[in-house]
Amino acid sequence: MKPITFTKSRVAAAVSVVLTAGMMLPLQAQEATAAEAEPQVEIIEVRGIRGSLARSMDVKRESSGVVDAISSEEMGKFPDTNLAESLQRITGVSVSRVNGEGSQITVRGFGPEFNLITLNGRQMPGTGFTRSFNLENLSSEGVSALEVYKTARAENPSGGLGATVNIVTSKPLASPGEKFAMMGKAVHDSSNEVGEDVTPEFSALYSNTFADDRFGVAVSFASARRDFQIQNANIQGWQANVPLPNNPTEVIDRRPLGADGLPTGNYFFPKDMNYGIADFQRERTTGQLTFQYAATDDITFTLDYTGSRALVGSESIGWGIWNNFGDNINAYELDERGTAIFADISGDDGSFTASKGTTEVKAASIGFNMDWQITDDLNVSFDFHDSNNKTDNGADKGSGNSGQVILGSDQLITKFYDYRTGEIPQAYILWRNGSNVLNPGEIDSNFSQFFDSPGESDIQQFQLDSTWFNSSFNIPLVSIKGGVARTDQNLSGSNAWSGLRGGPGFNPSYTFIFPDGMFTRRDTGNFLDQFAGGGNGLVSNYYYSYSYDEAVARQTAYLTETLLGANAYVPDAFYGPYGESYVQEVTDSIYLQSAWEFEVADFPVQLNVGVRYEQTDVTSTVLQDVERQVNWVSPSEWIMQYEPGDANYLTLTGSHNVLLPMMDLRVDITDDLVSRLSIGKSITRAPLGALAGGRSLSGSPKPGSRSGGQGNTNLQPYESTNLDLSLEYYYAPGSYAAIGYYRKSVKNFIGNTITDITIEGLNDILNGPRYQQAVADITARGEQPTDTAIYNQLLANGHGDANGAIAPTSADPLIVWSISQPQNIDDTKTVDGIEAAWQHMLGETGFGFGINGTIVNGDVEFDIESLTQQTPLVGLSNSANLQLFYEDYGWSVKLTYAWRDSYLIGVGQSQGSSDAPPQFAKAYAQWDISINKDVTDNFTVFFEGINLTNETEQGYGRYEEQFLFARQYGPRYILGARYRF
């Protein structure tokens with residue numbers, strides 16, 4: 001069936017049909033029986049892209065406050081490959097990507113943790129130990145609409161300071177009759193090297209009503225698999241103002257000179273430089289089942305279930321260098337802002353890493369709703385749901401954990417880091433064998449580690465709502481709505497870590513465990529070849545791959561307890577320290593909301609006024625091991641030792657309450673011109689992980705990384721006072737233009753305060769008397785006192801045990817720990833922005849376009865020149881979207897472009913210094929295409945192209961010269977067919 005175009009003439013024709021049928025009804029009643037008196041009204045269904053855009057526009061126009069929506073093009077067909085990528089088409093919404101796919105959303109500059117996701121109005125648990133919901137784990141089949149509430153609304157659950165996104169699923173009684181849709185896809189991911197070149201996707205949706213449309217059922221199922229590869233280069237962190245060498249061979253320092261003729265300002269060195277190739281297999285299954293029963297014309301019961309399972313398995317190989325500073329540094333070059341763009345650093349190692357793991361995310365939500373129209377003026381609704389979201393990175397059926405095996409060598413003369421040209425930093429090594437290539441026979445065991453950190457989030461929520469419609473009093477009041485709710489959210493997470501297994505380190509040597517044939521030498525010709533300096537441009541243009549399973553098996557067989565004692569190679573995450581965290585958050589709420597309609601100077605006015613009050617109680621319980629001492633076990637590895645016996649439980653409590661008023665004002669200036677003013681308060685509660693009390697110290701406290709964390713159960717929520725102004729012009733069916741201004745003043749920002757503490761009994765070998773003696777011994781021989789040399793000298797001086805581990809003594813100074821704890825900052829910060837959108841249908845040509853953009857700013861940016869702790873707003877960025885489409889004669893073609901400017905990903909780098917340096921993402925833009933052809937009225941074939949121009953992602957620290965990551969994914973192509981009736 002050729003889609004009906006949404007033109008004035010056809011709308012008029014539809015109205016004429018309805019009116020004609022209505023006028024003829026009395027005459028038919030006189031001339032026919034009751035069965036024959038049914039008016040035969042032609043139903044005009046506007047399907048496809050234009051139908052979806054028109055429905056979305058209608059939601060925006062008729063809503064109170066600022067609301068945007070995306071409507072399904074047809075039953076079971078959402079506009080994009082996943083819900084996050086659909087949401088980025090909305091003005092002010094941008095996405096963050098995981099594995100090359102949209103995952104979480106940022107709205108008006110506020111990142112995922114500031115946005116609330118609801119399913120049919122129900123608050124959804126976050127993915128794992130977090131409030132953020134990963135949208136890529138939920139299939140779009142069975143979803144009829146996405147509603148984005150950008151302004152406060154008393155009836156909505158709190159938590160969406162940026163926005164509240166409501167996922168609306170299909171309801172059979174809302175669309176009576178029998179409907180069926182089935183779709184199959186063949187997906188080719190051009191990045192794939194190991195998995196299947198073509199992977200399947202399948203979905204089906206069935207909906208039907210029975211017994212005169214009093215009973216309805218809808219069921220949907222979707223299954224998808226994707227095999228792909230990610231190539232990346234990364235630095236784990238930049239260290240500020242590290243110790244510099246006493247006698248460097250060469251220094252180029254371009255920082256400005258002070259009055260004393262010496263360079264001034266901070267300086268920064270990279271802690272490591274790594275490259276990697278990861279092969280993934282992802283499987284996603286989603287199912288929905290909905291039963292509805294209209295017991296009477298006034299009472300409807302709904303029972304629904306939504307379940308999903310996402311399984312991601314990965315195997316990767318990586319290679320790179322690790323750096324320590326001070327006298328390890330031989331030479332360096334700093335740019336004008338103090339960033340090392342070249343460094344010659346001795347000591348430590350160069351290694352090849354094999355990793356393997358499987359992560360499973362399982363979500364389920366069951367809900368019950370009763371809607372009762374008690375009288376024409378009174379409606380009552382009761383809703384209850386029980387939802388959970390479980391994630392586990394130890395879902396590998398063989399091992400029960402995820403792991404990392406690091407093999408390499410410390411037999412090097414020096415290492416080089418060079419970022420003076422190209423987009424990818426160069427890292428290369430001069431080995432003691434006289435070349436820049438490590439031979440297979442020289443590859444030794446460094447260490448392995450294994451992890452399992454499952455997390456679960458559960459929500460039980462009930463809501464009782466009542467609406468009274470005014471038909472009794474001749475006043476402008478339309479309705480009053482009120483309700484109460486209780487939300488009981490429980491989070492649990494555990495963390496098991498094996499510690500460093502297999503020595504660790506290269507002393508003694510175990511090269512004989514690994515035969516030469518275990519390693520395959522590969523070149524980097526097609527590695528990161530989309531970047532300047534990647535591919536064949538890499539100076540170190542080789543790496544070794546090897547089997548993770550074989551490396552684990554060989555070390556398990558040889559590095560036994562008989563040989564190594566407590567350092568035996570045990571590939572079990574639960575062999576080392578273990579911790580658990582529990583947070584319960586109970587929120588009781590009550591709200592009242594009223595709607596008014598009246599005229600002012602002949603202008604129709606709609607007013608919505610309301611208030612919501614909430615009381616929240618938090619209980620945190622943490623299980624933690626007791627630290628005993630830190631051993632130096634290899635030149636680059638320091639390991640925390642724990643007291644034997646049972647760990648301790650610590651329970652803390654906290655609470656807060658909020659009052660959230662709101663007002664929406666809408667004035668219809670003309671039939672086509674709508675103006676809006678919204679004022680209100682909204683909140684986002686503290687990150688759930690930050691609410692978990694207790695203290696944890698790094699299990700691998702290397703020099704420069706002696707850090708720890710402590711939660712704060714009494715954190716108050718972010719609280720924003722919001723102002724919105726907008727003007728919307730609906731000038732033709734399906735066409736409109738809109739511009740809006742918003743301002744958010746946010747208080748109670750949460751930032752980390754760093755406190756340096758010492759803990760009695762945790763002594764530091766570093767700079768202790770034995771350490772200083774070793775330095776003196778090395779210097780007396782005229783040698784360079786690198787950390788490798790110092791470690792070996794301590795062993796030579798008799799300070800190590802049989803396994804080569806050096807334990808602290810009471811003569812050593814206490815370790816200074818930098819403890820980070822979240823705190824509410826007594827400061828108010830403001831974000832404001834301008835949103836503009838234009839959607840236009842080009843008459844009856846079938847062509848149309850949509851374009852929107854958002855410009856945001858505020859006093860919430862990260863000061864890159866400061867080394868103090870900061871509380872910036874993460875995710876703030878400008879964004880723009882373009883959609884071009886043609887739809888007619890059975891063809892539907894859509895070309896989309898999404899752009900997001902550079903933005904702050906987060907504060908803190910995993911191996912960054914204690915000043916918590918930033919992580920920024922560079923600007924990103926992506927082109928996608930979709931082509932559909934209706935072969936018959938019910939059968940459609942289609943083609944989709946994702947990331948057509950093979951765009952890549954890049955990130956950096958304080959300055960773009962402080963490289964953090966580069967990632968390359970590749971385009972995806974999809975060929976499929978869809979059948980419906």
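Attention shifts here to the sheet that holds strand 5 (residues 122-123). The strand order across the open sheet formed by 5 strands is 1-6-7-4-5, and the pairing between neighbours is mixed. The open sheet has two free edges, formed respectively by strand 1 (67-71) and strand 5, since each of these has just one partner strand. Relative to strand 5, strand 4 (residues 115-119) runs antiparallel, the two sharing 2 bridges. In the sheet register, Thr118 faces strand 5, and the bridge partner there is Gln123.

The strand order across the open sheet formed by 4 strands is 34-35-39-38, and the pairing between neighbours is mixed. Each having just a single partner strand, strand 34 (695-697) and strand 38 (750-757) make up the two edges of the open sheet. Ignoring strand direction, the axes of neighbouring strands in this sheet form an average angle of 25°. Examined bridge by bridge, strand 35 (residues 707-710) and strand 39 (residues 817-824) share 3 bridges and lie parallel to one another.

Let us look at the pattern of salt bridges. Under the definition given, this model contains 40 salt bridges. Glu360 serves as the salt-bridge partner of Arg309, at 2.7 Å between the closest nitrogen and oxygen. Here Arg309, found in strand 15 (residues 299-322), pairs with Glu360, found in strand 18 (residues 350-373); they are 51 residues apart in sequence, far enough to count as distant. Arg309 gets classed as partly exposed once you look at its relative accessible area, which sits at 35%. Glu360 gets classed as buried once you look at its relative accessible area, which sits at 19%. Between Asp668 and Arg666 there is a salt bridge, with its nearest N and O atoms 2.9 Å apart. Considered together, Asp668 and Arg666 belong to a single accessibility category, that of buried residues. A single salt-bridge network, built from bridges that share partners, covers Lys60, Asp68, Arg108, Lys150, Asp724 and Glu835.

Within the fold, Arg420 resides in the loop between strand 21 (412-418) and strand 22 (426-431). In this structure, the C-alpha to C-alpha distance between Arg420 and Ser351, residues 69 residues apart in sequence, is 23 Å. In this structure, Arg420 is in contact with Glu333, Ile341 and Phe342, ignoring residues within four places of it in sequence. A polar contact is formed between the side chain of Arg420 and the side chain of Glu333, at a distance of 3.3 Å. At 2.9 Å, the side chain of Arg420 and the side chain of Asp418 are in polar contact.

Once that is clear, we can look at the packing of aromatic side chains. Scanning the model with the defined rule gives 43 aromatic pairs in all. Ring plane angle 75° and centroid distance 6.4 Å describe the contact between Tyr510 and Phe512, whose orientation is recorded as edge-to-face. Ring geometry for Trp838 and Phe849: centres 4.7 Å apart, planes at 90°, overall edge-to-face. Taken together, the residues Trp838 in strand 40 (residues 829-841) and Phe849 in strand 41 (residues 847-858) connect sequence positions 11 residues apart. Residue Trp838 is classed as partly exposed on the basis of its relative accessible area, which comes to 40%. Judged by relative accessible area, which is 17%, Phe849 ranks as buried.

For the rest of this paragraph, the subject is helix 4 (residues 548-558). Every buried residue belonging to helix 4 is among Tyr548, Ala551, Val552 and Gln555, and all of these are buried. Mapping the buried residues of helix 4 onto a view down its axis gives an arc of 95°, with all of them on the same face. Put simply, Ser547 is the residue that caps the front of helix 4, since its side-chain oxygen is 3.4 Å from the backbone nitrogen of Asp549.

Turning our eyes to something else, we now look at the side chain of Thr467. One can find Thr467 in strand 24 (residues 455-469). In contact with Thr467, other than residues within four places in its own chain, are Asp377, Leu378, Asn379, Ser479, Ile480 and Lys481.

Here we take up the pairing of strand 25 (residues 477-497). Note that strand 23 (residues 444-452) and strand 25 share 2 bridges and pair antiparallel. When the bridges of strand 25 are listed, Asp452 appears paired with Ala496. Strand direction decides the pairing type here: strand 24 and strand 25, joined by 15 bridges, are antiparallel. Counted as the bridge partner of Gln461 is Thr487 from strand 25.

Okay, the packing of helix 7 (residues 769-780) against helix 8 (residues 787-796) next. Axis separation between helix 7 and helix 8 bottoms out at 9 Å; the angle between their running directions is 105°. By the criterion of interaxial angle, the relationship of helix 7 to helix 8 is roughly perpendicular. Of helix 8, the residues touching helix 7 (which contributes Arg770, Tyr771, Ala774, Val775, Asp777 and Ile778) are Ala789, Ile790, Gln793 and Leu794. For the contact of helix 7 with helix 8, the class distribution of residues is 7 nonpolar, 1 polar and 2 charged.

This part is about helix 2 (residues 48-62). Structurally, the α-helix is built with 3.6 residues per turn, so residues lying three or four positions apart point the same way. For helix 2, spanning 15 residues, the distance from its first C-alpha to its last is 22 Å, which sits close to the expected 21 Å at 1.5 Å a residue. With 11 of its 15 residues buried, helix 2 lies for the most part within the structure. Among all positions of helix 2, only Gly48, Ile49, Arg50, Gly51, Ser52, Leu53, Ala54, Ser56, Met57, Lys60 and Arg61 are buried.

We now examine the confidence of the model for the protein. Detailed conclusions should not be drawn from predicted coordinates in areas where pLDDT is low. Here the protein averages 89 in pLDDT, and 94% of its residues register 70 or above. Contacts for the low-pLDDT stretch residues 1-44, under 50 throughout, to residues beyond four places or in other chains number 37 contacts.

Turning to its location among the elements, Thr106 is positioned in strand 3 (residues 101-107). In this structure, the C-alpha to C-alpha distance between Thr106 and Gly162, residues 56 residues apart in sequence, is 7.8 Å. A distance of 3.2 Å separates a polar atom in the side chain of Thr106 from a polar atom in the side chain of Arg900.

A few words now on a negative patch on the surface. On the surface, a cluster of negative charge is contributed by Asp826, Asp827, Asp859 and Glu861. Inspection of the secondary structure assignment puts Glu861 in the loop between strand 41 and strand 42 (879-888). For Glu861, a relative accessible area of 59% corresponds to the exposed category.

This brings us to the environment of Gln530. Within the fold, Gln530 resides in the loop between strand 26 (520-523) and strand 27 (542-545). You can call Gln530 partly exposed: its relative accessible area is 42%. Between the C-alpha atom of Gln530 and that of Pro200, which follows or precedes it by 330 residues, the distance is 28 Å. With residues up to four places along the chain from it excluded, the contact list for Gln530 reads Glu423, Asn950, Thr952 and Gln968.

About the criteria used
Residues numbered from 1 in each chain as written. Predicted model: local features only at pLDDT ≥ 70, side-chain atom pairs only at ≥ 80, totals over all residues. Heavy atoms only, no water. Pairing = 2+ DSSP bridges. Helix = DSSP H or I, 4+ residues; strand = E, 2+ residues; numbered from the N terminus. Axes fitted to C-alpha atoms, helices over the stretch in contact; angles between N-to-C directions. Salt bridge = Lys/Arg side-chain N within 4 Å of Asp/Glu carboxyl O. Buried < 20%, exposed > 50% of the residue type's maximum accessible area, 1.4 Å probe, protein only. Contact = heavy atoms within 4.5 Å. Polar contact = N/O pair within 3.5 Å; in protein donor to acceptor, adjacent residues only side chain to side chain. Phe/Tyr/Trp six-rings, centres within 6.5 Å; stacked < 30°, edge-to-face > 60°. Arc of directions from axis to C-beta. Parallel < 35°, antiparallel > 145°, perpendicular 65-115°, else oblique. Nonpolar A, V, L, I, M, F, W, Y, C, P; charged D, E, K, R; others polar. Expected span 1.5 Å × (residues − 1). pLDDT = per-residue confidence, 0-100. Patch = residues over 30% accessible without salt bridge, like charges linked within 9 Å, V, L, I, M, F, W, Y side chains within 5 Å. Areas by Shrake-Rupley, 256 points an atom, 1.4 Å probe, with all protein chains shown as cover. Lys, Arg positive; Asp, Glu negative; His and termini not counted. Charge placed at Lys NZ, Arg CZ, Asp CG, Glu CD.

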